[in-house]
Amino acid sequence: MIHEVEVGTPDFRGGRPAALLMLRDSSLAAVGIDFGHSHVGVAVADIGHNVLAERRCDLDVSHDARAALDASTRMVDEVLTEARVERKSVIGAGIGIPGPVDRARGAAGSATILPGWTDLRIGIEMRDRLAMPVEIENDANLGALAELTWGAGRDSSNFAYIKVATGIGAGLVIDGRLLRGTSGTAGEIGHTTLDESGALCYCGNRGCLETVASGPAIIKLVGLVEGEVPTLSRIVELALAGDLRCHRAISDAGHEIGVAVAGLCNLINPERVIVGGLLSRTGEILLQPMRESIRRHAVQAAADTLDVLPAVFVERAELLGSLALALHGSSERATRMVG
Ligand SMILES: [Zn+2]
């Protein structure tokens, strides 16, 4: 799996000369599967992190889990054929779902987010269908892994990836590794309380960040556009085209998100905050008020050393993250084998 590419100079402590080891690119591959609410994406990459083939299809994933699992299995066959990768060279599959993951059960952790997926052991189902080891992760953590592997977090080992879309979630990378927490809910920044007597949130608490800055909250605030309720992507388009009301709704969301992110910065002192998700397409409309709000609410030393920047990936974040999940798992296994 690995080969030696260069012999280093002996270190000053007089130890054995270091050797640089590289993974052999072409020998092994990993599969990534992204289940969105209304699409399935599948990709294959070699162990050198090069994406070899990918596919995407639209499907009502939230309500028809079996059809989604069948489609993804078929698409895995297609990408492996296209990339000329034999199934026996695949070390595993990373699988993304748009909601909390119960890692112990290998299932979706919330019936309200994925109604058709209740009681489905995704891990076991997919392992049996694909005949390979699988790992499951939520969308914000996958976004963080994609940025860590290929994007704005490549040369950083401490950062927070904030996904701002229909929901608001964070993927936290601490010392180069994803922080998952005891029950997998680390990074649920969307449910930070901003106003104890605020609006009731779907999580059961009141005044969560999502009640004022999520996609539905922004849509509600904007109200009718040309006599119709706009979609979130339409609001993004309008804000970019200079519509004052859409611009204001998104920048106010950025301000509120900044309050919650400031608390996060006080706790984990990240080097970067990488902002992804659909709303990140508005660039500085969202980012500038976030920066101001973080500066206002975080301790100065944490804010001074922090960069707030847009994510490199928006549409493909989860698919690339699921590939990275399979690849990172494999490099950990490889490291153990070498050690
Ligand atoms: Zn909530």
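Residues numbered from 1 in each chain as written. Predicted model: local features only at pLDDT ≥ 70, side-chain atom pairs only at ≥ 80, totals over all residues. Heavy atoms only, no water.

Q: Tell me what's going on with the overall build of the chain, and back it up with residues and numbers.
A: Summing up its helical and strand segments, the chain has 10 helices and 14 strands in all. Among the 339 residues that make up the chain, the fraction classed as buried is 49%. Pairs at least 24 residues apart make up 61% of the contacts formed inside the chain by residues separated by at least 6 positions. Total accessible area on the chain is roughly 16400 Å²; 51% of this is exposed by carbon and sulfur atoms. (Helix = DSSP H or I, 4+ residues; strand = E, 2+ residues; numbered from the N terminus. Buried < 20%, exposed > 50% of the residue type's maximum accessible area, 1.4 Å probe, protein only. Contact = heavy atoms within 4.5 Å. Areas by Shrake-Rupley, 256 points an atom, 1.4 Å probe, with all protein chains shown as cover.)

Q: Could you give an account of the coordination of the zinc ion, with specific residues and numbers?
A: Distances from the zinc ion to its protein donors, namely His 191 (ND1), Cys 201 (SG), Cys 203 (SG) and Cys 208 (SG), fall within the range 2.0 to 2.3 Å. Its four donor atoms give the zinc ion angles of 106 to 121° at the centre, a pattern that matches the tetrahedral case. Motif for the zinc ion, donor spacing along one chain: H-x9-C-x1-C-x4-C. A relative accessible area of 36% means that Cys 203 is categorised as partly exposed. (Donors = N, O, S within 2.8 Å, 3.2 Å for Na, K, Ca; no water. Tetrahedral: all angles 85-135°; square planar, octahedral: opposite > 155°, others 65-115°.)

Q: How would you summarise the side chain of Ser 156 if you had to cite specific residues and measurements?
A: Topologically, Ser 156 is positioned in the loop between helix 3 (139-150) and strand 10 (159-164). Residue classification places Ser 156 among the buried positions, given a relative accessible area of 6%. Excluding residues that lie within four positions of it along the chain, Ser 156 makes contacts with Leu 148, Glu 271 and Arg 272.

Q: Go over the nonpolar core with me, naming the residues and quoting the values.
A: If you look at the biggest cluster of nonpolar residues, it comprises 41 residues, and the most contacted ones within it are Ile 162, Ile 257, Val 261, Val 273 and Leu 286. At the level of secondary structure, the elements contributing two or more residues to this core comprise strand 10, strand 11 (168-174), helix 4 (209-213), helix 5 (215-222), helix 6 (232-240), helix 7 (244-268), strand 13 (272-276) and helix 8 (284-297). Of the residues forming this core, the biggest block, 10 residues, is contributed by helix 7. Core analysis: the next-biggest nonpolar cluster, separate from the first, contains 32 residues, Phe 35, Val 90, Trp 117 and Met 132 among them. (Core = buried A, V, L, I, M, F, W, Y, C linked by side-chain atoms within 4.5 Å.)

Q: Which residues make up the sheet that holds strand 6 (residues 90-97), and what values go with them?
A: Overall, mixed pairing links the five strands, which are arranged 5-4-3-6-9 in an open sheet. What marks the edges here is a single partner per strand, and that holds for strand 5 (51-58) and strand 9 (134-138). The sheet shows a mean angle of 15° between the axes of neighbouring strands, direction not considered. Sheet topology note: the strand 3 (residues 29-35)/strand 4 (residues 39-46) ladder contains seven bridges and is antiparallel. The partner of Ala 29 across the bridge, within strand 4, is Asp 46. The strands touched by helix 2 (residues 122-130) are strand 3, strand 6 and strand 9; relative to strand 9, the strand with the most contacts, the crossing angle is about 140°. Strands strand 6 and strand 9 of the sheet are contacted by helix 3, whose axis makes an angle of about 105° with strand 9. (Pairing = 2+ DSSP bridges. Axes fitted to C-alpha atoms, helices over the stretch in contact; angles between N-to-C directions.)

Q: Quick one: what's the story with the packing of helix 6 against helix 7, residue by residue and with numbers?
A: Running from amino to carboxyl end, helix 6 crosses helix 7 at an angle of 110°, the nearest separation of the two axes being 7 Å. The angle between the axes of helix 6 and helix 7 places the two elements in the roughly perpendicular class. Each of Ile 235, Val 236, Leu 238 and Ala 239 in helix 6 lies in contact with helix 7, whose residues at this interface are Cys 246, His 247 and Ile 250. (Parallel < 35°, antiparallel > 145°, perpendicular 65-115°, else oblique.)

Q: Can you break down the pairing of strand 4 residue by residue, with the values?
A: Residues in a regular strand point their side chains to alternate faces of the sheet. Most of strand 4 is tucked away: eight of the eight residues are buried. The alternating pattern of strand 4 places His 39, Gly 41, Ala 43 and Ala 45 and Val 40, Val 42, Val 44 and Asp 46 on opposite faces, both of which are buried. Bridging between strand 4 and strand 5 involves seven bridges; their strand directions are antiparallel. Across the sheet, residue Val 44 finds its bridge partner in strand 5, namely Ala 53. In sequence, strand 4 turns back onto strand 5 through a hairpin of four residues, with His 49 there showing a positive phi of about 70°.

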